[in-house]
Amino acid sequence: MSSRCFGHLLRGVWLLWLWQAVFVAGNKLWEVPAASFSSMTNYSDNLKWEPSCLQRHPQDRVRITSDLPPRLDGTWVSTRCEVRPGPEFLTRSYTFQASRHFLALQHYYSDSGCEDPSYSLLIRGKLRLRKASWITLGATEAEHHLSKVGIVVHNPVAKQRLTSRLPPSCVGLSLGRAVPGKLHELYNTRAGRGCLAALGFSMMELDLIRVEMQHHGHGGKVQELFLGDLHTDWTLRTQYRPTGYQQPLQNALHHVHPCPVCALLYRSSEQRPPVLPHTRAIHLSLAGRWVSQRCETRPTILFLTREFTFAPEHHTWEGIYRHFSDPVCSQPTFTLRASGHYAQGNPSAKVSGATEFVFKVTQVSVTPEEQATAKLLNSTRPGKCGQAGGWAVGVEQDLTQTDGCTVLGIKLPHKEYELFKTELDHEKHPLLFIGERPSDGSSPDRPLRRPTSFQAPLEQCGHEDSQPSYSHDLGSNSKQVQLPTSGAEKLARAVLSLFGMVACSWICFL
């Protein structure tokens, strides 16, 4: 283990101890008990998340609600070809029943457009919702139990690739006699999970859950299911407990329109995987402003929104990262502004349609948004993080003179090897996908560490100077997620802020 990783581990252990000292002692930070959901009332938080530059008409505004415990009954499907670290290309269709049983279909492909199916996994099991998460606020912790996992290979080439990845025992028992289109069992409750581990298969994503309902001004509804994130290191995926989310699935009855992928997945089966329609590649143009579509959740308890401005004629960029202590991005902790230059490289050999970039960070400034953050930054040694003792709430400080900030893990100048991709959403608006951040907190500071998957997409927002806006809309029967500011609860808020600060030091700029 490197000294850097060991240092992160020590900080993580100390923070977890402090977290338990505050939260396990019984100080309620929001009105959801840690007990079983069987004795708990419904909880709902409401949010209007609207980048103001996208507010074209009042009827386009969206109100978002989220219930605890979440309501999972029904079928949830992918809305596009998903890209997982590796890279792996797949679509998902998950069905949850009132009896707590679930049936999950994962279709894997050989291409980034999900047009050439390789194999499908049929997963059966049972899911139990446990409690509201004190680590990833707004989420629900759950535990799953697998009963069966079957595989259907769709062509001889896929069979050959799988045979080379699996141990001989797995090949002999299942794939050795696999016929394309026929279901073969990989796992049951009497067998070990060796074959699943060799595939990098894990359903730990079911251990962290959040459901959101979007209420659109024209009366439409879109329901989304957020499941736990996967480790970016494929070899660690089966042991990783999620604290962030993947891109959401949408309810098969309440999804965006039009959504041809949703319909294909709803009608699919393990024998009939969906073949997604071919989409014409669009020209990658970074010019203008790009903003988060929603409050984003990152691993290690980090909530933020991102905003980027690119000037292709000068090859310059600026990023604004607004950090918060809550899952609806209403309680700011600090804002980080970074800028520098970039160079566009070659088309990606691993992810078709994506382009390689190299970004250089030359300037970073930080603005504390609450007293706890300012106090933490003022505790740093002179010359290590801006002007010592000069940090104040709402006052921006440039970190260039101190070559970064040690407490935030920022070192200047800094270089990152990136992966970008653009697509059109269901309304033909441009989306920008930027490479996913490493789960272990390392930096993609060399070509071999370049991402192979993506973060949540950003929406193009033009050149306006307006800022994204956030506001709560709480119904009369709702219980608001809030962090009180008195007594021991102030300490809890400070711990949340510190978590965000340390998490920031573990992630990369883009």
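Per-chain numbering applies: the sequence of each chain, read as written, is numbered from 1 onward. With pLDDT at 70 or above as the cut-off, local features in this predicted model cover only qualifying residues; side-chain atom pairs require 80 or more to be listed or tallied, and sums for whole chains, interfaces and linings still use all residues. Based on all heavy atoms of the structure, the side-chain values leave hydrogens and waters out of the count.

Before going further, it helps to spend a moment on the overall build of the protein chain. Only DSSP runs of H or I covering at least 4 residues are called helices, and only runs of E covering at least 2 are called strands; the numbering of each starts at the N terminus. Scanning the protein chain from terminus to terminus reveals 7 helices and 25 strands. Contact between two residues is taken to exist if any of their heavy atoms lie within 4.5 Å; hydrogens are not considered. For the protein chain, long-range pairs separated by at least 24 residues make up 64% of all intrachain contacts whose partners lie at least 6 apart in sequence. Accessible surface area values rest on a Shrake-Rupley calculation with a 1.4 Å probe, where residue burial reflects the displayed protein chains alone. Working note: accessible area of the protein chain is about 22,600 Å², and carbon and sulfur atoms make up 53% of it.

For this analysis, a nonpolar core means a set of buried residues of the types Ala, Val, Leu, Ile, Met, Phe, Trp, Tyr and Cys, connected via side-chain atoms within 4.5 Å. When a residue's accessible area, from a 1.4 Å probe over protein chains only, is under 20% of the maximum for its type it is buried; when over 50% it is exposed; and in between it is partly exposed. Ranked by size, the top nonpolar core spans 36 residues in total, and within it Phe96, Phe102, Ile123, Leu146, Phe201, Met203 and Leu225 carry the most contacts. Within the second largest apolar cluster, 31 residues are counted, among which are Leu284, Trp290, Phe334 and Leu377.

What follows is about the packing of aromatic side chains. Stacked, edge-to-face and tilted are the three classes for Phe, Tyr and Trp ring pairs, Trp counted by its six-membered ring, which pair at centre distances within 6.5 Å; planes under 30 degrees apart are stacked, over 60 edge-to-face, the rest tilted. Summed over all chains, the structure comprises 16 aromatic pairs. An angle of 45° between the planes, with centres 6.3 Å apart, marks the rings of Phe96 and Phe102 as tilted. By relative accessible area, which is 6% here, Phe96 ends up buried. A ring pair is formed by Tyr342 and Phe357, whose centres lie 5.9 Å apart and whose planes are at 55°; its orientation type is tilted. With a gap of 15 residues between them, Tyr342 in strand β17 (residues 332–347) and Phe357 in strand β18 (residues 355–368) connect regions that are remote in the sequence. Pairwise contacts between aromatic rings join Phe308, Phe310, Trp317, Tyr321, Tyr342, Phe357, Phe359 and Phe420 into one cluster.

Time to look at the state of the cysteines. Disulfides are defined as pairs of cysteine sulfur atoms found within 2.5 Å of each other. Scanning the model with the defined rule gives 4 disulfides in all. Here Cys259 pairs with Cys262 through a disulfide, and the sulfurs are 2.0 Å apart. One quick way to see it: the torsion about the S-S bond of Cys259 and Cys262 is about 70°, and its sign makes the bridge right-handed. Under the relative-accessibility criterion, Cys262 is labelled buried at 3%. Residue pairing for Cys295: its cysteine sulfur links by disulfide to Cys329, the two sulfurs lying 2.0 Å apart. Disulfide Cys295 to Cys329: torsion about the S-S bond roughly 75°, handedness right-handed. Placement of Cys295 in the loop between β13 (288–292) and β14 (296–298) and of Cys329 in the loop between β16 (316–324) and β17 is noted, with a sequence separation of 34 residues between them. By the burial criterion, Cys295 is buried, and Cys329 matches it.

Moving on, we come to the pairing of strand β23 (residues 430–434). In summary, the side chains of a regular strand alternate between the two faces of the sheet. With 4 of 5 residues buried, β23 lies mostly within the body of the structure. In this description, strands pair whenever DSSP reports at least two bridges between them. Note that strand β22 (residues 414–424) and β23 share 5 bridges and pair antiparallel. Paired with Glu423 across the two strands is Leu431, which belongs to β23. Counting the residues in the hairpin turn of β22 and β23 gives 5 residues, including Lys428, whose phi is positive at 70°.

Bringing the side chain of Arg92 into the picture now. Structurally, Arg92 is set in strand β5 (residues 88–96). Of the residues examined, Arg92 reaches a relative accessible area of 1% and is grouped as buried. At a separation of 3.2 Å, a polar atom in the side chain of Arg92 contacts the main-chain carbonyl oxygen of Gln247. Throughout this description, a polar contact denotes any pair of N or O atoms lying within 3.5 Å of each other; where both atoms belong to protein, one of them has to be capable of donating a hydrogen while the other can accept it, and for residues adjacent in sequence the pair is counted only when both atoms sit in side chains.

Okay, unusual backbone geometry next. Going from Leu68 to Pro69, the amide bond is cis rather than trans, its omega being 0°. With respect to the secondary-structure elements, Pro69 resides in the loop between β2 (62–68) and β3 (74–77). With an omega of -10°, the peptide bond running from Leu412 to Pro413 counts as cis. Within the secondary structure, Pro413 sits in the loop between β21 (410–411) and β22. Look at His315: it is not a glycine, yet its phi comes out positive at around 55°. Among the structural elements, His315 can be located in the loop between β15 (302–311) and β16. In this structure His315 comes out as partly exposed when scored by relative accessible area, which is 42%.

A separate point is the pairing of β15. Judged by how many residues are buried, β15 sits mostly within the fold: 9 of 10 residues are covered. Sheet topology places β13 next to β15; 4 bridges connect them, and they run antiparallel. By the bridge assignment, Trp290 is partnered in β15 with Phe308. Connecting β14 to the antiparallel partner β15 that follows it, the hairpin turn spans 3 residues, and Thr300 within it adopts a positive phi of roughly 65°. Across 9 bridges, β15 lies against β16 in antiparallel orientation. By the bridge assignment, Glu307 is partnered in β16 with Ile320. Between β15 and the antiparallel strand that follows it, β16, lie 4 residues; His315 among them carries a positive phi value of about 55°.

When you line up the elements, Asn155 lands in the loop between β8 (140–153) and α2 (156–165). It is 5.6 Å that separates the C-alpha atoms of Asn155 and Pro180, two residues lying 25 residues apart in sequence. Polar side-chain contacts of Asn155 include one of 2.7 Å to the backbone nitrogen of Ala158.

Our focus in this paragraph is the environment of Trp317. By the secondary structure assignment, Trp317 is in strand β16. In contact with Trp317, not counting residues within four places along its chain, are Phe308, Thr309, Phe310, Ala338, Ser339, Gly340, His341, Tyr342, Phe359, Lys360, Val361 and Leu510. A distance of 3.5 Å separates a polar atom in the side chain of Trp317 from the backbone oxygen of His341.

We now examine helix α6 (residues 371–378). Given 3.6 residues per turn, any residue in an α-helix points the same way as the ones three and four places further on. Looking only at α6, the buried set comprises Thr373, Ala374, Leu376 and Leu377. End-on view of α6: buried residues confined to an arc of 160°, all on one side of the axis. Residues of α6 that are exposed and angled more than 90 degrees away from the buried face: Gln371 and Lys375. This arc describes the spread of directions from the helix axis toward the C-beta atoms.

So, on to the confidence of the model for the protein chain. As a note on interpretation, predicted positions should not be read in detail where pLDDT is low. Per-residue confidence from the predictor is reported as pLDDT, which spans 0 to 100. Mean pLDDT over the protein chain: 81, with 77% of residues reaching 70 or higher. When the criterion is pLDDT under 50, residues 55–59 qualifies, and its contacts beyond four places in sequence or with other chains add up to 6 contacts. Counted against residues more than four places away or in other chains, residues 463–507, with its pLDDT under 50, gives 120 contacts.

Structurally, Asp326 is set in the loop between β16 and β17. Side chain to side chain, Asp326 and Ser330 meet in a polar contact 2.8 Å long. Apart from residues lying up to four places away in sequence, Asp326 is in contact with Cys295, Phe303 and Gln331.

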